[in-house]
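The residues making up each chain are set out below.
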Amino acid sequence: MLHTPEEDRGFVRGHLLPNQRVTIAEVGGRIVGFIAVEGEWIEQLYLDPAWTGRGIGSRLLALATANMPVSRLHCFQANDGARRFYERHGFRAEAFGDGFGNEEGLPDITYVRRGT
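Rules used throughout
Sequence order sets the numbering: in each chain, residues are counted from 1 along the sequence as written. Local features in this predicted model are restricted to residues of pLDDT 70 or higher, and side-chain atom pairs are both shown and tallied only at a pLDDT of 80 or more, whereas totals for entire chains, interfaces and linings draw on every residue. Only hydrogens and water are removed before side-chain values are computed, so all heavy atoms of the structure are retained for them. The numbering of helices and of strands both runs from the N terminus, where a helix is a DSSP run of H or I of at least 4 residues and a strand a run of E of at least 2. Using C-alpha atoms as the atom set, the radius of gyration is obtained and then compared with a globule rule of 2.2 Å times the number of residues to the power 0.38. Burial classes: relative accessible area under 20% of the type maximum marks a residue as buried, over 50% as exposed, and values in between as partly exposed (1.4 Å probe, protein chains only). Confidence of the predictor in every single residue is expressed as pLDDT, which spans 0 to 100. For Phe, Tyr and Trp, rings pair up if their centres lie within 6.5 Å, where Trp contributes its six-membered ring, and each pair is then called stacked (planes under 30 degrees apart), edge-to-face (over 60) or tilted (otherwise). A ring is considered to have a charge above it if a Lys NZ or an Arg CZ atom is located within 6 Å of its centre and within 35 degrees of its normal. Any two strands with at least two DSSP bridges between them are considered paired. Axes here refer to lines fitted to C-alpha atoms; in helices the fit is confined to the stretch in contact. Angles between the N-to-C directions go from 0 to 180 degrees. Any two residues whose heavy atoms approach within 4.5 Å at even a single point are treated as in contact. We call a crossover right-handed when, viewed with the strands running away from us, the connection from the first strand over the helix to the second turns clockwise. Any carboxyl oxygen of Asp or Glu within 4 Å of a side-chain nitrogen of Lys or Arg constitutes a salt bridge here.

When its secondary structure is counted, the chain shows three helices and six strands. Helices (α) and strands (β) of the chain occur, in sequence order from the N terminus, as α-β-β-β-α-β-α-β-β. The C-alpha atoms of the chain give a radius of gyration of 14 Å, which matches the 13 Å a tight globule of 116 residues would have. Expressed as lengths along the three principal axes of its C-alpha atoms, the size of the chain is roughly 35 × 30 × 25 Å. Per-residue burial for the chain yields a buried fraction of 32% across its 116 residues.

What follows is the structure, encoded as structure tokens:
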């Protein structure tokens, strides 16, 4: 865990919400996922693990990128599930990183999807 829950809340309040277009998925009054986009970058896509496999992530991605001619994102190389998800949705690996540029220090991939 890199940040405390309070640091995460501060990031959401102070950076994510004021600077990015955020779409949430809500079920029964509870947020179960969200996507945050800034320019052509998908900065965050999160789904409560209990809600995966129900099409919610696909719907969030489709809504957020509907009018984007190019969509870009970073994904950790070790996150096989996310890699399959993005590749299924037309994203292609464009660059592989060694983790130097991310907070976690983990090898990553830059994915790009052109056209919608």
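Back to the write-up after that little detour.
Below, the discussion takes up the confidence of the model for the chain. Scored by pLDDT, the chain has a mean of 90; 97% of the residues are at 70 or more. Confidence scores differ between elements of the chain, with helix H1 (residues 5–19) showing the lowest mean pLDDT of 84 and helix H2 (residues 56–65) the highest of 96.

On to the packing of aromatic side chains, then. In this structure the tally under the stated criterion is four aromatic pairs. The interplanar angle of 40 degrees and the centroid separation of 6.3 Å between the aromatic rings of Phe 34 and Tyr 46 together place this pair among those described as tilted. With Phe 34 in strand S2 (residues 30–38) and Tyr 46 in strand S3 (residues 41–47), this residue pair connects regions lying 12 residues apart in the sequence. Each residue in the set Phe 85, Tyr 86, Phe 91 and Tyr 111 is aromatic and connected to the rest through ring pairs, giving one cluster. Over the ring of Trp 51 we find Arg 54; its NZ or CZ atom is 4.2 Å from the centre of that ring.

Moving on to the sheet that holds S3. Strand pairing in a sheet relies on backbone hydrogen bonds. The paired strands run either parallel or antiparallel. As summarised here, the arrangement of the six strands in space is S1-S2-S3-S4-S6-S5, forming an open sheet in which the pairing is mixed. Bordering the open sheet on either side are strand S1 (21–27) and strand S5 (92–97), each of which pairs with just one other strand. Averaged over all adjacent pairs, the angle separating strand axes in this sheet is 25 degrees, with direction ignored. Where S1 and S2 come together, seven bridges link them in antiparallel fashion. Across the sheet, Glu 26 pairs through a bridge with Ile 31, a residue of S2. Lying over the sheet, H2 contacts S1, S2, S3, strand S4 (70–76) and strand S6 (108–114), oriented at roughly 35 degrees with respect to S2.

The next point concerns the pairing of S4. For S4, the tally of buried residues reaches five of seven residues, placing the bulk of the element in the interior. Pairing of S3 with S4 involves two bridges; the strand directions are parallel. Bridging from a neighbouring strand, Trp 41 pairs with Arg 72 of S4. Where the polypeptide runs from S3 across H2 and back to S4, its parallel neighbour, the crossover connection is right-handed. Pairing of S4 with S6, which is carried by seven bridges, proceeds in the antiparallel orientation. Opposite Val 70, over in S6, you have Arg 114 as the bridge partner.

Considering all chains together, one arrives at six salt bridges under this definition. Of the charged contacts, one joins Arg 72 and Glu 40 as a salt bridge, the two residues approaching to 2.4 Å between their closest N and O atoms. In this pair, Arg 72 sits in strand S4 while Glu 40 sits in the loop between S2 and S3, placing the two residues 32 residues apart along the sequence. Arg 72 gets classed as buried once you look at its relative accessible area, which sits at 16%. Residue Glu 40 is classed as partly exposed on the basis of its relative accessible area, which comes to 31%. The salt bridge partner of Arg 72 is Glu 94, with a shortest N-O separation of 3.5 Å. Here Arg 72 is found in strand S4, whereas its partner Glu 94 is found in strand S5, with 22 residues between them in sequence. Among the charged side chains, a salt-bridge network with shared partners connects Glu 40, Arg 72, Glu 94 and Arg 114.

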